[in-house]
Amino acid sequence: MPDATLTILADEPALGTISPLLHGHFAEHLGRCVNDGLWVGPDSPIPNTDGLRSDVLQALRDLGIPQLRWPGGCYADTYHWRDGIGPRDGRPRSLGESCGLNVVEDNGMGTHEFIALCRAIGAEPYLAGNVGSGSPQEMMDWVHYCNGTLDTTLVRERAANGHPDPMNVRYWGVGNENWGCGGNYDPADYAKEFRRFSTFIKMVDSSVELVACGNNTREWNLRVVETLRSHWGLLDHLSVHQYYGAGHATGFNEEEYYQLLRGADLVEEGIRYTDEILRFFAAGRRRPSIAVDEWGAWHPEAAKGCDYEAPNTLRDAIAAAGVLDVFHRWCGVVSMANLAQIVNVLQCLIQTEGDRMWLTPTYHLFRLYAPHRGAEALRLDITEAPTRDLPAQNRAWPETTFKPGVLPLVSASVSRKDGTTILSLSNRRRTEPLAVRVVLRGIRIDGGTTQTLTGDAPNAVNSAEQPGHVRITEGHLDTGGGEITLTLPPCSVQTAILA
Ligand code: AHR
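Residues numbered from 1 in each chain as written. Predicted model: local features only at pLDDT ≥ 70, side-chain atom pairs only at ≥ 80, totals over all residues. Heavy atoms only, no water.

S.K.: Mind laying out the overall build of the protein chain, listing which residues take part and the relevant values?
M.R.: The secondary structure content of the protein chain amounts to ten helices and 29 strands. Relative to a compact globule of 499 residues, whose C-alpha radius of gyration would be 23 Å, the protein chain shows 22 Å and is just as compact. With respect to the three principal axes, the spread of C-alpha positions in the protein chain is 70 × 55 × 45 Å. Burial status across the protein chain gives 60% buried among its 499 residues. Sequence separation of at least 24 residues holds for 76% of the intrachain contacts in the protein chain that already meet a minimum separation of 6. Accessible surface computed for the protein chain: about 18,600 Å², of which carbon and sulfur atoms make up 50%. (Helix = DSSP H or I, 4+ residues; strand = E, 2+ residues; numbered from the N terminus. Rg over C-alpha atoms; globule rule 2.2 N^0.38 Å. Buried < 20%, exposed > 50% of the residue type's maximum accessible area, 1.4 Å probe, protein only. Contact = heavy atoms within 4.5 Å. Areas by Shrake-Rupley, 256 points an atom, 1.4 Å probe, with all protein chains shown as cover.)

Okay, structure coming up:
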C-alpha cells in the first residue's frame, strides 16, 4: 500500500527551463571559506594549484559549480578591489571580516585568482560590488578593469597583471544587505544609490546584469522596486536572502527536525511576494527576476567564535532538497541562487581540517540534483501524502516567526531532458520509510536507475575520520510502463533517472 501518490504531468506545458544558475554557490572572505578553504597560497604545504587547494578544486570540478558569488556578503561593502590585484607580495594587509572588521586580510585571493578559480571549476563568476563604503567610480572601474576591451590604462593594467583578454564578468551585485551590514540604508535611499551606481556601470558595459539588494521582507522590496519604477531598465535582478534554523546543528529534537524543513519551504514565501511586487511595477514591461543569492541553514554553532562553522547533517541536506524543489517550481521567476557558503562556512559543500577535506551531505544532495540542470521542469501533483502539524515557532536568529502550520512530508522535483525523466523525491519522515506510487501522464518508461542519499540518523554527518558516513547508494528500476513505485528509506532523498 503506497504512502503517497505523485503524478508527473508530462502531458501539460512545462514550467520552464531549470537554469543551472539555480544551483549556484557563494564564497565570502569570512572565517575559513576563502582563506584556508579555497585559497592556501602557492607556498602552502597543502597541495595547491597556483594557491587554490587542489583537493577542493577537484571536488568542485566533479560536482560542477554553475555560478560562484564573491567576495561577500557583508564583506563586499568594505572590499576595495584594487587591494586584490598586482603582485601578491605588494598587496595591502587590510581589515578582514569576522565579528566586525577585526582580522587581517592579506588579499592573496583577489580578482585574478577568483576568475582563475571560476575557470578551473567551470563556474560563471558573480562579483558583488561595494556600495556601502565605496563609490560609483570604484565599481565602474572594477567593471572596466574586468570587462574592458579598449586600449585604456585599466585594461593595460589588467594585461600587465596577466589577463590580456577581458574576463567577461556578466553578473554584478550592487551592494549586499544594504538594509543592514551594507550601510543601514533606508530602502528609498538605497534604491537611489542603486540608480546612481547602475547608470554609470551600464555606461561602461551595457551587457552586464545587475542585482539590486532586496530583502526577505515585503516592505523593503516594495519600496526599492517602487523607487526604481521610472528607471526600470537598470534593474535586472532583485536579491532575496533566506536563512533558516531550528534547534542546534546536530542536537535537535523531533519537532525541531521538522521545523527546519518548514523553514526551508518558506523560502517560497519570499519568492512569491517579491514576484508579485516585480509583476506589479513591471506593468507589462520586461520583468526583472529574483536572485536568491544567499540561502541555507544557519545553526547557533555557526556564530560561536565568529568562525561561522557548524556540522552539516543529513537534515540540512533534506532541507536543501526542499529549497531546490522551490527553485525548480519557480524557474520562470528565479534566475539564480547561491547557497551560503561553499567551503567550511555555514551550510557548506566541503569541510577542511589542515590537509584533510571531506564532502558534506549537502554536497551529495547537489550531486543528486545535478541532472535537473538545463532540463525542462515538469508539473507534478502529490496526493495522499503524509503531513505533520507544527506549532508556531519564534526564533531570534535566523529570525523566524512561523504560525502553526502543516508540513508536507514529501517534496519533489521532476524534469525532462534528452528523452529522460528526472525525478527527485524527499522522504522527510524522520524514522519511517515511504512508498510512493508514481503515475506518469504523457510519458511511458522502460525502467531506470536510482541514487539515494541517506544516513543512519537525521543528524548524521561526514567528518575527516568518516568521510563516507552519509553517502549516495545506487540502485536499478526494472519495472516500467505508466506507473512505478519508489521506496525511500527514512530521512532520505532519491533521484530516479527514468527512460
Ligand atoms: O553568509 C554570511 C552573511 O550572512 C553574509 O555576509 C551576509 O550577507 C548575511 O547576513
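S.K.: I'd like a description of the sheet that holds strand 11 (residues 209-212), backed by residues and values.
M.R.: Sheet architecture is closed into a barrel: eight strands sit in the order 3-6-9-10-11-12-13-14, paired in parallel fashion. Between one strand axis and the next, the sheet turns through 30° on average, direction left out of account. (Pairing = 2+ DSSP bridges. Axes fitted to C-alpha atoms, helices over the stretch in contact; angles between N-to-C directions.)

S.K.: An account of the nonpolar core is requested, with residue identities and associated values reported.
M.R.: Taken as a class, soluble globular proteins show a tendency for nonpolar side chains to be buried jointly. In terms of nonpolar packing, the biggest core is built from 124 residues, with Trp295 and Phe327 touching the most fellow members. Considering each element in turn, this core owes the most residues, ten residues, to helix 9 (residues 314-329). Not counting the four nearest positions on each side in its chain, phenylalanine 327 is found in contact with Leu22, Val267, Ile271, Val292, Trp295, Val334 and Ala337. Counting 21 residues, the second-largest nonpolar core is a separate cluster that includes Leu425, Val436, Leu486 and Leu488. (Core = buried A, V, L, I, M, F, W, Y, C linked by side-chain atoms within 4.5 Å.)

S.K.: An account of the pairing of strand 26 (residues 448-454) is needed here, citing residue identities and associated values.
M.R.: With five of its seven residues buried, strand 26 lies for the most part within the structure. As defined by bridge partners, strand 26 adjoins strand 27 (residues 471-477) across seven bridges and the pair is classed as antiparallel. Residue pairing across strands places glycine 448 opposite leucine 477, the latter belonging to strand 27. With six bridges connecting them, strand 26 and strand 29 (residues 492-498) associate as antiparallel partners.

S.K.: So what's going on with the site of the ligand? Residues and values would help.
M.R.: Taken together, Phe26, Glu28, Leu30, Gly73, Cys74, Asn176, Glu177, Tyr243, Glu294, Trp298, Gln341 and Leu346 form the complete shell of residues around the ligand. Here an oxygen atom of the ligand sits 2.8 Å away from a polar atom, N or O, in the main chain of cysteine 74. With respect to the ligand, the side chain of tyrosine 243 contributes an N or O atom lying 2.8 Å from an oxygen atom. Compared with its free state, where it exposes 280 Å², the ligand has 94% of that area covered by protein. A per-class count over the shell around the ligand returns six nonpolar, three polar and three charged. (Near = heavy atom within 4 Å. Polar contact = N/O pair within 3.5 Å; in protein donor to acceptor, adjacent residues only side chain to side chain. Nonpolar A, V, L, I, M, F, W, Y, C, P; charged D, E, K, R; others polar.)

S.K.: Run through helix 9, naming residues and quoting values.
M.R.: For the α-helix, the turn length of 3.6 residues means that residues three or four positions removed from each other point alike. The end-to-end C-alpha distance of helix 9, which contains 16 residues, comes to 23 Å, matching closely the 22 Å that a straight helix rising 1.5 Å per residue would cover. Across the 16 residues that make up helix 9, a large majority, 15, are buried. Of the residues flanking the start of helix 9, the one acting as N-cap is threonine 313, its side-chain oxygen 3.2 Å from the backbone nitrogen of arginine 315. (Expected span 1.5 Å × (residues − 1).)

S.K.: Lay out the packing of helix 6 (residues 218-227) against helix 8 (residues 267-282) in plain terms, naming residues and giving numbers.
M.R.: A pair of packed helices is characterised by two quantities: the angle between their axes and the separation of those axes. Interhelical geometry of helix 6 versus helix 8 gives an angle of 20° and a closest axis separation of 10 Å. As judged from the angle between their axes, helix 6 and helix 8 are roughly parallel. Crossing handedness for the pair helix 6 and helix 8: right-handed. On helix 8, the residues that touch Arg218, Asn221, Leu222, Val225 and Glu226 of helix 6 are Tyr273, Thr274, Glu276, Ile277, Leu278 and Phe281. Considering only residue class, the contact of helix 6 with helix 8 consists of six nonpolar, two polar and three charged. (Parallel < 35°, antiparallel > 145°, perpendicular 65-115°, else oblique. Left-handed = near helix turned anticlockwise from the far one by under 90°.)

S.K.: Which residues make up the pattern of salt bridges, and what are the values?
M.R.: With the rule as written, the count across this model stands at 30 salt bridges. Residue arginine 441 is joined to glutamate 12 by a salt bridge in which the shortest nitrogen-to-oxygen separation is 3.5 Å. Placement of arginine 441 in strand 25 (residues 434-441) and of glutamate 12 in the loop between strand 1 (4-9) and strand 2 (16-17) is noted, with a sequence separation of 429 residues between them. Here arginine 437 makes a salt bridge to glutamate 483, at a shortest N to O gap of 2.8 Å. Here glutamate 483 lies in strand 28 (residues 483-488) and arginine 437 lies in strand 25, a separation of 46 residues in the sequence. On the basis of relative accessibility, which here comes to 40%, the residue glutamate 483 falls in the partly exposed class. Each of Glu268, Glu269, Arg272 and Arg329 takes part in one network of salt bridges that share partners. (Salt bridge = Lys/Arg side-chain N within 4 Å of Asp/Glu carboxyl O.)

S.K.: Explain the environment of aspartate 307 to me, using residue names and the numbers behind them.
M.R.: Note that aspartate 307 resides in the loop between strand 13 (289-297) and helix 9. Residues aspartate 307 and leucine 346, 39 residues apart in the sequence, show an inter-C-alpha distance of 9.1 Å. If sequence neighbours within four positions are ignored, aspartate 307 has contacts with Gly31, Glu301, Ala302 and Val345. At 3.0 Å, the side chain of aspartate 307 and the backbone nitrogen of glutamate 309 are in polar contact.

S.K.: Could you give an account of the packing of helix 3 (residues 136-147) against helix 4 (residues 153-160), with specific residues and numbers?
M.R.: One can describe the packing of helix 3 onto helix 4 by two numbers: an axis separation of 8 Å at closest approach and a directional angle of 55°. The orientation of helix 3 with respect to helix 4, classified from their angle, is oblique. The two elements helix 3 and helix 4 meet at a crossing, and its hand is right-handed. Contacts between helix 3 and helix 4 involve Asp141, His144, Tyr145, Cys146 and Asn147 on the former and, on the latter, Leu154, Val155, Glu157 and Arg158. A breakdown of the residues in the contact of helix 3 with helix 4 according to their chemical character gives four nonpolar, two polar and three charged.

S.K.: Which residues make up the environment of glutamate 255, and what values go with them?
M.R.: With respect to the element layout, glutamate 255 can be found in helix 7 (residues 254-265). Judged by relative accessible area, glutamate 255 falls into the partly exposed class, the value being 34%. Residues glutamate 255 and arginine 388, 133 residues apart in the sequence, show an inter-C-alpha distance of 9.6 Å. Those residues in contact with glutamate 255, other than ones at most four positions away along the chain, are Arg388, Leu390 and Pro391.

Read these as layout, nothing more, since geometry by itself doesn't imply function.
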